[in-house]
Amino acid sequence: MGSIFNEMLNPDGSVRGPYAQIHGWVGSLGKDNVERALKEAESIFRRLGITFAVYGAEEASERLIPFDIIPRVFAASEWRRLTIGIEQRVRALNAFLHDIYHRQEILRAGRIPKDLILQNSAFVPQMVGLNPPRGVYAHIIGVDIVRVSETEFYVLEDNCRTPSGVSYMLEDREAMMFLFPDLFKQHRVAPVENYPAMLRQTLESVAPQGAGSEPTIVLLTPGIHNSAFFEHAFLADEMGVELCEGSDLFVDNGYLYMRTTQEPKRVDVVYRRIDDDFLDPLTFRPESALGVPGLFDLYRAGRVTLVNAPGTGIADDKAIYTYIPDVVEFYTGEKPLLRNVPTWRCNDPKDLAYVLAHLAELVVKEVHGSGGYGMLVGPTSTKKEIEDFRARLKANPKNYIAQPTLALSASPTFTEAGVAPRHIDLRPFVLTGDRVRITPGGLTRVALKNGSLVVNSSQGGGTKDTWVLED
Amino acid sequence: MLGRTASSLFWMSRYVERAENMARLLEVGYRISLMPRAIEGHRDEWRSTLTTAACEASYFAKHKDITTTEIIHHLLFDDDNPSSVRSCLKTARNNGRAVRTALTRDVWEVLNGTWNEFVLVRPESITSERLPGFLDWIEQRAMLFRGALLGTMLRHDTYFFSQLGTFIERADNTARILDVKYYILLPKPSDVGSDVDIQQWATVLRSVSAHRAYRWFYRDSTYRPWLVAEFLILREEMPRSLTFCYQWITRALDGLGEVYKQRYACQDEAVDIYGRLKLGNMEDIFQSGLHEFLQDFMLSNNQLAADVGQTYNFP
């Protein structure tokens, strides 16, 4: 691990440009002020019901995601550079998905092993030959990015299925504006609040043909027990669309309808926040009660649009991840602007041997895992944890990939011991419909434990407001 | 609006109303158990509280004897009792959460805040001294909820469905309280108002917060069973009477009819019940039997709730 990039301070102790005023502000905040602000923020969040359920915890316990009041700040020029790279990557991912479910040029060209796609559980054969409106598959992508130096950014993961967290981006900003209005007077912070409007535009732009000028959009949720239910309700409300459960929708005579208090109402676009497997018991998992029987056939017939399309998981599969730089080059003809983290594929005997010999230095992840579960962070693990993991890895090597422990950048954060640097990442939200839209900002997650690199909220991570300054 | 949304709004309000009624019943039961002659009678009183709350089965499934502590726990905190205050508040909040987008922030904050505060209360901390204050708090939260509904919700379908829930539950509750005590309200030759009876009538009035209102309304210092029954069934001035509830139920259904430009059979059904209450008089009701009248009313009230659900596509 090299030296850690500090978002606020240069190695010589001078303050980085974007943080010029934040630095002084942080210094001027007394401990009492901070505690009061945090308390107030907590009561705002709790009152609004911004909680998430922790899987596996006793009862249906609801927790708040900790919130840190020191914003993470990008200069306009830094952000511009980043967005060009993000847009390039997102366009390539959509082109890749279209190709994989059509001519499979990239496989014919031998750039990705055939089996890796066709034998992959994230590949959805039912999608082959299907043409979603505008050729868009992943309408909403949350690209997880980490920074290691002034100019180096790495993509950790492309979340192409149903990325969550955007409500925290919006509510963190609300809370900051409520708590520290003066701070916003001193800065020109690009607004994030039009994300719901942009999302709605994106969804309208991919409505099926024949939907008319005002397509009916719904948000499909698994229900109140889902950990992200708050976000589903929040987004539906902000967009002004109905929040539906599977049982509210039904297929009749070639169209999708929702059961209302009056006549059934036709539905054109479904922003679904349930996984592929549960979408339609007739096509996917037969025992699923969350989805809508017959939905996929309608989708196939072009009567309804599913957002994101089924089968997008093949683009964010961890086994495919290592090929994404090739994917970008293959479809855009350009060098990728955003880098991948160097990755060892444990299904490769040579890579596996290296990984087994260097477990204490590496981060090892399950290919299909998410949310920071089932991973090993070598440098912060005990001998026993490493040995236990070694056994699991040996038993099923193709289930794992490994990466060097990145020196994630650190941002000043309030801790029990005062202001201290804590590691952060960034999840910008990228919308693709009639065009690509990127909200200036995103969700900054922060690992609150000293030295920890795990930012996932399920593992004790928190969030920060993310600022993009305007020129 | 989704049929499920309408249903959730309806049940959200029903459960808040039920939580409040439960708190009132407990308040009365507890008061009586404190009275000097209650040593013998308090078990009967608690039993009738259980009957009124329709919690006899759930209580005796877990407890053999009636004890004040266990009753209070069962009616306030027991997760296995779907009508305990805890269950009511949880169900109300879950329903509200499922239709969060249909609620104003104020309504949601009351529901959510009430639940968040309720779960912080340790059941063992609710001692005799703290019980009245805690019950007061529950009632106040329910009133705050209704106030937020009245004060912030658009007079649209969301509002009308939640009003229906409130008043169908309230009508059921008032009828149930009267029915459990109907025998003491029956006019008997020996009806000279023994101490015990007066205390019982006071109980009935208290459990709907009407003991003071009764005195003001009838300008009478003694409780007369005939008038107590009339007050709670027919008097439209009394906000927990059956007639009053039906005034609001028909209003809400008329409101829905206007919003949807559509008249349904359930609207006529409610108007019919309301009409019969308005034209009713106590003489006839006692003639044909108070118990029968109330049973009949509760059936029609339940039927109306079911018909509303069917009309508006509740799941």
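Residues numbered from 1 in each chain as written. Chains lettered and ligands numbered in written order. Predicted model: local features only at pLDDT ≥ 70, side-chain atom pairs only at ≥ 80, totals over all residues. Heavy atoms only, no water.

*Asks:* Explain the domain arrangement of chain A to me, please; I cannot follow it from the model alone.
*Replies:* How big an interface is tends to be stated in terms of the accessible area lost upon association of its parts. Residue and element names in this part refer to chain A. Partitioning chain A into domains gives domain 1 (17–208 + 304–339 + 406–468), domain 2 (209–303) and domain 3 (342–404). Here domain 1 and domain 3 have C-alpha centroids that lie 24 Å from each other. Tallying the contact residues gives 18 residues for domain 1 and 16 residues for domain 3. Surface buried jointly by domain 1 and domain 3 totals about 1400 Å² across both partners, of which 52% is contributed by carbon and sulfur atoms. Together, Lys318, Thr322 and Leu406 form the three largest contributors to the area buried by domain 1 at its contact with domain 3, with a combined 35%. Inspection of the domain 1/domain 3 interface yields zero salt bridges. One can count three residue pairs in polar contact (both at pLDDT 80 or more) joining domain 1 with domain 3. Counting only elements with at least two residues in the side of domain 1 that touches domain 3, the list comes to strand S5 (153–159) and helix H12 (318–321). Ranked by the residues each element gives to the side of domain 1 that touches domain 3, the list is headed by H12, at three residues. Tallied by class, the residues present in the side of domain 1 that touches domain 3 amount to nine nonpolar, seven polar and two charged. (Domains from an automatic or database assignment. Contact = heavy atoms within 4.5 Å. Buried area = accessible area lost by both parts, 1.4 Å probe. Salt bridge = Lys/Arg side-chain N within 4 Å of Asp/Glu carboxyl O. Polar contact = N/O pair within 3.5 Å; in protein donor to acceptor, adjacent residues only side chain to side chain. Helix = DSSP H or I, 4+ residues; strand = E, 2+ residues; numbered from the N terminus. Nonpolar A, V, L, I, M, F, W, Y, C, P; charged D, E, K, R; others polar.)

*Asks:* What's the story with the interface of chain A and chain B in this structure? I'm lost.
*Replies:* Contacts between chain A and chain B engage 22 residues on the former and 26 residues on the latter. Between chain A and chain B, the buried area comes to about 2100 Å², and carbon and sulfur atoms account for 43% of it. Here chain A is connected to chain B by two salt bridges. A:Glu245 is the partner of B:Arg4 in a salt bridge, and the nearest nitrogen-oxygen pair spans 3.3 Å. On inspection of chain A and its partner chain B, the count reaches 10 residue pairs in polar contact (both at pLDDT 80 or more). At the level of elements, helix H2 (31–48), helix H9 (229–239) and strand S7 (242–244) of chain A are the ones that each hand at least two residues to the side of chain A that touches chain B. Here the element with the most residues in the side of chain A that touches chain B is H9(A); it accounts for four residues. When the residues that make up the side of chain A that touches chain B are grouped by side-chain class, the tally is eight nonpolar, five polar and nine charged.

*Asks:* Which parts of the structure should I look at to understand the confidence of the model for chain A?
*Replies:* As a note on interpretation, predicted positions should not be read in detail where pLDDT is low. Summing up the model confidence of chain A, the mean pLDDT is 91 and the portion of residues at 70 or higher is 95%. Taken together, the stretch residues 54–60 of chain A has pLDDT below 50 and engages in seven contacts with residues farther than four places along the chain or on a different chain. (pLDDT = per-residue confidence, 0-100.)

*Asks:* Is there a simple way to explain the domain arrangement of chain B in this structure?
*Replies:* Residue and element names in this part refer to chain B. Domain parsing of chain B yields domain 1 (1–153) and domain 2 (155–315). In this assembly, 31 residues from domain 1 lie in contact with 34 residues from domain 2. By the criterion of area lost to domain 2, the three top residues of domain 1 are Phe10, Arg14 and Arg24, representing 20% of everything that side buries. The tally of links from domain 1 across to domain 2 stands at five salt bridges. Where domain 1 packs against domain 2, one counts 11 residue pairs in polar contact (both at pLDDT 80 or more). Those elements that provide at least two residues to the side of domain 1 that touches domain 2 are helix H1 (3–34), helix H2 (38–52) and helix H7 (131–152).

*Asks:* What am I meant to see in the packing of helix H6 (residues 105–120) of chain B against H7(B) here?
*Replies:* For any two helices packed against each other, the geometry is given by the interaxial angle and the distance between the axes. All names here are of chain B. In the contact formed by H6 and H7, the axes pass within 8 Å of each other and the chain directions differ by 165°. If you check the angle between H6 and H7, you find them roughly antiparallel. Once H6 is placed against H7, the crossing between them reads as left-handed. Residue-level inspection shows Asp106, Val107, Glu109, Val110, Leu111, Gly113, Thr114, Glu117 and Phe118 of H6 in contact with H7, the latter providing Phe134, Trp137, Arg141, Leu144, Phe145, Ala148, Leu149 and Thr152. (Axes fitted to C-alpha atoms, helices over the stretch in contact; angles between N-to-C directions. Parallel < 35°, antiparallel > 145°, perpendicular 65-115°, else oblique. Left-handed = near helix turned anticlockwise from the far one by under 90°.)

*Asks:* How should I be thinking about the side chain of A:Arg437 in this particular structure?
*Replies:* Residue and element names in this part refer to chain A. With respect to the element layout, arginine 437 can be found in strand S21 (residues 436–438). Using a relative accessible area of 7% as the deciding quantity, one classes arginine 437 as buried. A distance of 2.9 Å separates a polar atom in the side chain of arginine 437 from a polar atom in the side chain of aspartate 434. For arginine 437, the residues in contact, after removing those within four places along its chain, are Met198, Gln201, Thr202, Phe429, Val430 and Leu431. (Buried < 20%, exposed > 50% of the residue type's maximum accessible area, 1.4 Å probe, protein only.)

*Asks:* Mind showing me how you'd approach the packing of helix H8 (residues 157–180) of chain B against helix H16 (residues 290–311) of chain B here?
*Replies:* Residues and elements named next belong to chain B. Two elements in contact, H8 and H16, have axes whose closest approach is 9 Å; the angle formed by their N-to-C orientations is 160°. Here H16 runs roughly antiparallel to H8, going by the angle between their axes. Classified by chirality, the crossing of H16 by H8 is left-handed. The segment H8 lies against H16, with Leu164, Ile168, Ala171, Asp172, Ala175, Arg176, Leu178 and Asp179 engaging His291, Leu294, Gln295, Phe297, Met298, Asn301, Asn302, Leu304, Ala305 and Val308. Classifying every residue of the contact of H8 with H16 by side-chain character gives 11 nonpolar, four polar and three charged.

*Asks:* I would appreciate a short explanation of the sheet that holds strand S8 (residues 249–252) of chain A in the present structure.
*Replies:* Note on sheets: strands pair through backbone hydrogen bonds, and any given pair is parallel or antiparallel. Residues and elements named next belong to chain A. With antiparallel pairing, the three strands of this open sheet are ordered in space as S8-S9-S10. Since the sheet does not close on itself, it has two edges, and those belong to S8 and strand S10 (265–267), each with one partner. On average, each strand axis in the sheet is inclined to that of its neighbour by 45°, with strand direction left out of account. Where strand S9 (residues 255–258) and S10 come together, three bridges link them in antiparallel fashion. (Pairing = 2+ DSSP bridges.)

*Asks:* I would appreciate a short explanation of the pairing of strand S15 (residues 362–366) of chain A in the present structure.
*Replies:* In the case of a regular strand, side chains alternate between the two sheet surfaces. Residues and elements named next belong to chain A. Counting buried positions along S15 yields four of five residues, so the element is predominantly enclosed. Bridging between S15 and strand S16 (residues 376–377) involves two bridges; their strand directions are antiparallel. The partner of valine 363 across the bridge, within S16, is valine 377.

*Asks:* For this particular structure, what's the right way to read the sheet that holds strand S6 (residues 217–220) of chain A?
*Replies:* Residues and elements named next belong to chain A. In spatial order, the strands read S7-S6-S11-S12; together these four strands make up an open sheet with parallel pairing. Of all the strands in the sheet, the pair left with one neighbour each is S7 and strand S12 (305–307). Strand-to-strand twist across the sheet, computed as the mean angle between neighbouring axes with direction ignored, equals 30°.

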